[in-house]
Amino acid sequence: MREEKINSRSILLQDLGVFLFMASIIGGSLIVALEKKELLYQNVALLFGIFLVGLLIILRAKTAGIIVSSVIILVFTIYKLYMRLAYLKPIEWTAFIWPLLVIATLAGMTLFVSLLSTIEGVNSILNRRIDELTTIDPLTGLENLRSMVGSLKRYMALSERNGTFMGLMMVRLRYHEEIKKVLTTRQFNDLRHILAETIANVLRMEDRVFTIDENGSIAIIYFGEEKGVSVVKSRILHAVEKQNMLPDLNEQMLTIELSIVHRHYDKSYAKDALRYISDVEKEFAYEV
């Protein structure tokens, strides 16, 4: 209930800010249209000044908006007093309205933008929290890099404590940048999905498969001795070689090449998953 009241008040204040700005514009426009023609240039200049103040505040230049508003009011006041004292020209009643319109514009747009910035800040925090909590890649249906880091830490701890064998394997698309240039975004996303599905289907149930970037790279936490890694690599390469990665290419089969590296876990890593991942990635420099 309290949050609803706060939200309602924020919306009301935003509406009030917009109302003040619109009222200022309408009031200034009416003065330009209805006042004497001899005051036309003066009134048009002031109306332009109101637009300028509103624009500066919208652009988040609050200090500049305040300075411009102050200068407009000061210069206009000095000008009207000078014309009154030097030439005995009467000060028209609308001259007292213009400073109020300038202030209303400044206040209204400042109120609107400040609340808008607050909402944008809250949305930014919420989006960041959602990203932090999200562990499933919606495109491939696999767990993402964030989930992999957490899982890897747990498995490393279990391996160290129980003496079980495990390792980390990474699979990358060769020439993924060139492939992206040839395919549309939708086609490349289809390629990522099919590749992830193909690799996951040839692995054992106990092995964990993750998608780790937007270039189609896959990471695998495997369990077993290192001598079995060559068998896993062969399965992956054979399955990908047989699979048509893009069925919609007018019956033309898209052939892709993969780079596959791995590193078996040893106790020197302890629970340092990030160092372990970094060392595996370095293996790509020697993979041909």
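The following refers to the structure shown. (Residues numbered from 1 in each chain as written. Predicted model: local features only at pLDDT ≥ 70, side-chain atom pairs only at ≥ 80, totals over all residues. Heavy atoms only, no water.)

1. A few points about the packing of aromatic side chains
- Under the counting rule described, the total for this entry stands at 5 aromatic pairs.
- Seen in terms of ring centroids, Tyr155 and Phe223 are 5.0 Å apart; in terms of plane orientation they differ by 75 degrees. Their pairing is edge-to-face. Here Tyr155 is found in helix α5 (residues 145–162), whereas its partner Phe223 is found in strand β3 (residues 218–223), with 68 residues between them in sequence.
- The class for Tyr155 is partly exposed, based on a relative accessible area of 21%.
- Overall, the relative accessible area of 21% leaves Phe223 in the partly exposed class.
- Each residue in the set Tyr265, Tyr269 and Tyr276 is aromatic and connected to the rest through ring pairs, giving one cluster.
- Against the face of Phe284 rests Arg172, its NZ or CZ located 4.0 Å from the ring centre. (Phe/Tyr/Trp six-rings, centres within 6.5 Å; stacked < 30°, edge-to-face > 60°. Helix = DSSP H or I, 4+ residues; strand = E, 2+ residues; numbered from the N terminus. Buried < 20%, exposed > 50% of the residue type's maximum accessible area, 1.4 Å probe, protein only. Lys NZ or Arg CZ within 6 Å of the ring centre and 35° of its normal.)

2. Side note on the pairing of strand β4 (residues 258–264)
- Of all 7 residues in β4, 6 are buried; the element is thus mostly enclosed.
- Examined bridge by bridge, strand β1 (residues 166–173) and β4 share 7 bridges and lie antiparallel to one another. Each residue of the ladder has a partner; that of Arg172, found in β4, is Ser259. (Pairing = 2+ DSSP bridges.)

3. Considerations on the nonpolar core
- Membership of the largest hydrophobic core comes to 27 residues, with the highest contact counts inside it found for Leu191, Ile199, Ile220, Ile236, Ile256 and Leu258.
- At the level of elements, β1, α7 (185–202), β3, α8 (229–242) and β4 are the ones that each hand at least two residues to this core.
- For this core, the leading source of residues is α7, giving 6 residues.
- Counting residues in hydrophobic clusters, the runner-up holds 19 residues, among them Val149, Phe210, Val261 and Tyr269. (Core = buried A, V, L, I, M, F, W, Y, C linked by side-chain atoms within 4.5 Å.)

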